[in-house]
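# Remarks on the overall topology
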Amino acid sequence: RGSLKQRLKDAVSAPDQKGGSSSKGQRFPECTSRAHQGGAMPRTNHDSKVHGGPSVVDGDGVLSLIVNWIIKTPAVYSLLKIMAKNAMIRSAGKRGVEWMKYVRDHETRLATYETIRKEVEDSAFVYPEYCLKPIHGYDEGNLCWLAAFEIDPANYAWCLRTSNNKFPDLDAMQIYHKMRDGQREAVNKFLSDVSIQPKVIIDMGCSTGETARMLADMYPQAQVTGIDLSPYMLALAEYEERQHKPANRQRITYLHKLAEASGLPAKSCDVVFFGFVAREVPAEILRAFIREAARILKPGGALIFADDNQGSKYIQAMRPAVFSLMKSTEPYIDEYYNFDLPAALSEGGFERVETRPSDHRRKLVVGTLPQ
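My aim in this report is to walk through the structure given alongside it, one point at a time. (Residues numbered from 1 in each chain as written. Predicted model: local features only at pLDDT ≥ 70, side-chain atom pairs only at ≥ 80, totals over all residues. Heavy atoms only, no water.)

### Here we look at the packing of aromatic side chains
With the rule as written, the count across this model stands at twelve aromatic pairs. Measuring from centroid to centroid gives 5.2 Å for Tyr113 and Tyr239, while their planes differ by 85°, and the two rings are edge-to-face. With a gap of 126 residues between them, Tyr113 in helix H5 (residues 110–120) and Tyr239 in helix H10 (residues 231–244) connect regions that are remote in the sequence. When sorted by exposure, Tyr113 lands in the same class as Tyr239, which is buried. (Phe/Tyr/Trp six-rings, centres within 6.5 Å; stacked < 30°, edge-to-face > 60°. Helix = DSSP H or I, 4+ residues; strand = E, 2+ residues; numbered from the N terminus. Buried < 20%, exposed > 50% of the residue type's maximum accessible area, 1.4 Å probe, protein only.)

### Describing the packing of helix H3 (residues 74–94) against helix H7 (residues 151–161)
In the contact formed by H3 and H7, the axes pass within 9 Å of each other and the chain directions differ by 80°. Put simply, H3 runs roughly perpendicular to H7. Residues Ala87, Met88, Ser91 and Ala92 of H3 touch H7, and the partners they reach there are Ala154, Ala157, Trp158, Leu160 and Arg161. Considered class by class, the residues forming the contact of H3 with H7 number seven nonpolar, one polar and one charged. (Axes fitted to C-alpha atoms, helices over the stretch in contact; angles between N-to-C directions. Parallel < 35°, antiparallel > 145°, perpendicular 65-115°, else oblique. Contact = heavy atoms within 4.5 Å. Nonpolar A, V, L, I, M, F, W, Y, C, P; charged D, E, K, R; others polar.)

### Structural notes on the pairing of strand E5 (residues 297–308)
The side chains of a regular strand alternate, residue by residue, between the two faces of the sheet. By the criterion of burial, E5 is predominantly enclosed, with ten of the twelve residues buried. With six bridges joining them, strand E4 (residues 269–275) and E5 adopt parallel strand pairing. Paired with Phe274 across the bridge in E5 is Phe305. Following the backbone out of E4, through helix H11 (residues 283–296) and into the adjacent parallel E5, one traces a crossover that is right-handed. As judged from the seven bridges shared by E5 and strand E7 (residues 362–368), these two strands associate in the antiparallel manner. Bridge pairing in E7 links Phe305 to Val365. (Pairing = 2+ DSSP bridges. Right-handed = clockwise from strand over helix to strand, strands pointing away.)

### Observations concerning the sheet that holds E7
Within the open sheet, the seven strands sit side by side as E3-E2-E1-E4-E5-E7-E6. Their pairing is mixed. The open sheet has two edge strands with one neighbour each: strand E3 (253–256) and strand E6 (351–357). With strand direction ignored, the average angle separating the axes of adjacent strands in the sheet is 15°. Pairing of E6 with E7 involves five bridges; the strand directions are antiparallel. Counted as the bridge partner of Glu351 is Thr368 from E7.

The following block contains the structure:
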């Protein structure tokens with residue numbers, strides 16, 4: 001018996017029907033499915049309704065519990081993953097993204113990528129439990145080639161689907177680059193405001209290197225290091241650096257490490273950047289990110305998180321059906337939407353903490369260490 005809310009809570013908190021994972025340390029050469037992710041407006045000192053986002057992510061709300069129960073039901077979850085990916089492929093295809101062409105092009109270089117993967121991978125690396133769970137529609141998460149091969153079209157589709165019809169005359173790639181332009185402007189403005197001309201930049205959760213390359217192009221005198229736990233993503237990033245590094249900037253270094261335990265020297269860098277990583281980990285790992293950033297930053301150094309802005313009116317108005325599809329590929333998204341990131345930075349010893357919107361639904365959360 002009991003209330004509907006309590007019964008849903010009990011169902012959501014029950015053990016996974018598929019059982020636990022014991023695959024720490026394994027490699028995942030194949031994937032079984034997918035969908036993925038990602039300016040200047042007035043800045044604010046606090047997130048608007050930072051603890052919520054849409055009502056569907058209210059952890060104790062009936063609507064949220066229903067969504068979580070659906071996600072926890074294997075048959076329904078599998079269907080949602082397929083629906084989410086197919087919706088992205090269809091919408092992106094209508095706006096100029098030939099999804100499968102990207103995959104086929106990467107497949108022609110698989111032997112080269114595999115050689116690079118073996119070079120960049122730390123053979124002693126132990127994968128934490130959170131990264132072994134399905135994410136972005138892949139049962140192996142980001143630990144497979146398909147996740148790396150599909151990241152570009154998925155990012156284009158993601159930006160298209162979150163553009164809220166603001167750019168009807170642009171294709172998906174142009175919309176993605178507008179998002180990147182806004183992010184670049186917001187980062188540059190913040191670092192200028194705090195008088196940091198970085199010499200050492202760490203891009204945490206660098207994926208295939210898109211943000212690392214953006215930062216290296218912005219600050220060509222800086223040494224940029226990209227860190228990621230997926231050797232598959234790092235292989236593509238390293239390949240791109242070997243093939244297309246511009247002559248007017250320093251070479252990017254890529255390392256197979258954990259963002260929460262990087263092993264980098266203390267007080268060794270000027271900027272630590274997390275781009276669309278906060279949404280992909282549990283809250284306790286997000287706090288560990290902040291602690292590690294505080295450890296490796298120099299006095300006066302800057303921490304930057306770029307991600308969804310829960311206070312955006314577009315996210316506040318997200319329909320439950322849309323959020324259900326999102327959550328089917330982003331298992332920690334409600335934890336992120338309910339996490340007070342500015343407060344966590346302040347608690348972690350950072351000063352000048354603020355939120356700076358970079359476009360209509362994304363933001364930077366920034367802070368600096370004391371001098």
